Each structure stands twice: as C-alpha cells, then as structure tokens.
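Fold and contact review
Here's the letter readout for the chains.
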Amino acid sequence: MRRILGKVYVQVLVGVAAGILLGLVAPPFASDLKPLGDLFIKLIKMVFAPIIFATVALGIARMENIKELGRVGWAAGMKPRERLDDNDGHGSPVCSATRSSPARC
C-alpha cells in the first residue's frame, strides 16, 4: 500500500478526489480554503520559469559541437517566423492556411 501511495500521480489523484469531496460535503469550508489553492498555483507558476531556463541552459552547455548549437538556434529562432510570415504579408498562420481566399485575412 505504501508503494502505491508513494507515487506522485496517486497523491495528486487523492488530493483532487479529496477536494471534490470537500466541495460537495462542506462548500463554505471549501471556499474558505481558496486562498491556499491560489497560493499553490502561484508557487507552481513561479517555479516554471527557472526550470525551463535551467533545462535550456544545460542543454546548450552539454552540446559538444558549436555548429550543432548554431543549427539548433537557427531552427528554433527562424522556423516559426518563416511559418508565420509565409510570404503573404499578413503574419498570421490562419491566413497562411487559407491561401485560397486571402481577403478574409
């Protein structure tokens, strides 16, 4: 039993089920706990940026070939711009997808 409850996804599912049950059984008490939930969401959002930065920085630091770094940077920086502009002058991916009637863009 301890091995099952030690997994993070099981703990999350138990927490979600407890929150739903608390909301159904005692709605006023559940609404009093809203600031704690909001604080938790803000903490999670605060952690996202450093994790993404660290992942990108470590990925670049571990590249052994400088040409590979340039190729990856070129692909990451230039491909989305090419997709958005796509020579129609509007800069919208929807407009690029509907070339048959550019007047709607």
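Residues numbered from 1 in each chain as written. Predicted model: local features only at pLDDT ≥ 70, side-chain atom pairs only at ≥ 80, totals over all residues. Heavy atoms only, no water.

1. What to know about the overall build of the protein
In terms of helices and strands, the protein carries six helices and zero strands. Its helices and strands taken in sequence order, the protein reads α-α-α-α-α-α from the N to the C terminus. Among the 105 residues that make up the protein, the fraction classed as buried is 4%. Carbon together with sulfur atoms contributes 70% to the accessible area of the protein, which is approximately 9200 Å² in total. (Helix = DSSP H or I, 4+ residues; strand = E, 2+ residues; numbered from the N terminus. Buried < 20%, exposed > 50% of the residue type's maximum accessible area, 1.4 Å probe, protein only. Areas by Shrake-Rupley, 256 points an atom, 1.4 Å probe, with all protein chains shown as cover.)

2. Examining a nonpolar patch on the surface
A contiguous nonpolar patch, built from Phe29, Leu33, Leu36, Leu39, Leu43, Met46, Val47 and Ile51 and spanning about 750 Å² of accessible area, is present on the exposed surface. The element that contributes the greatest number of residues to the nonpolar patch is helix α4 (residues 34-61), accounting for six residues. Along the polypeptide, methionine 46 turns up in helix α4. (Patch = residues over 30% accessible without salt bridge, like charges linked within 9 Å, V, L, I, M, F, W, Y side chains within 5 Å. Salt bridge = Lys/Arg side-chain N within 4 Å of Asp/Glu carboxyl O.)

3. Description of the layout of surface pockets
Over the atoms, a rolled probe matching the size of one water molecule traces out where space is still vacant. Within this model, the largest pocket holds a volume of roughly 310 Å³. Every residue along the wall of the largest pocket is listed here: Gly15, Val16, Gly19, Ile20, Leu22, Ala30, Leu33, Leu36, Gly37 and Phe40. Of all elements in the fold, only α2 (8-25) and α4 reach the threshold of two or more residues within the lining of the largest pocket. It is α2 that contributes the most residues to the lining of the largest pocket, five residues altogether. Taken together, the residues of the lining of the largest pocket break down into seven nonpolar, three polar and no charged. (1 Å grid on protein atoms, 1.4 Å probe; cavity = no way out; pocket = protein on both sides within 12 Å on 5 of 7 lines; lining within 4 Å. Points joined across faces, edges and corners; volume = space filled by probe spheres on them. Nonpolar A, V, L, I, M, F, W, Y, C, P; charged D, E, K, R; others polar.)

4. Focus on the pattern of salt bridges
In this structure the tally under the stated criterion is one salt bridge. When the shortest N-O distance is used, the salt bridge between aspartate 38 and lysine 34 registers 3.0 Å. Taken together, the residues aspartate 38 and lysine 34, both in helix α4 and four residues apart, mark about one turn of the helix. For aspartate 38, a relative accessible area of 35% puts it in the partly exposed group.

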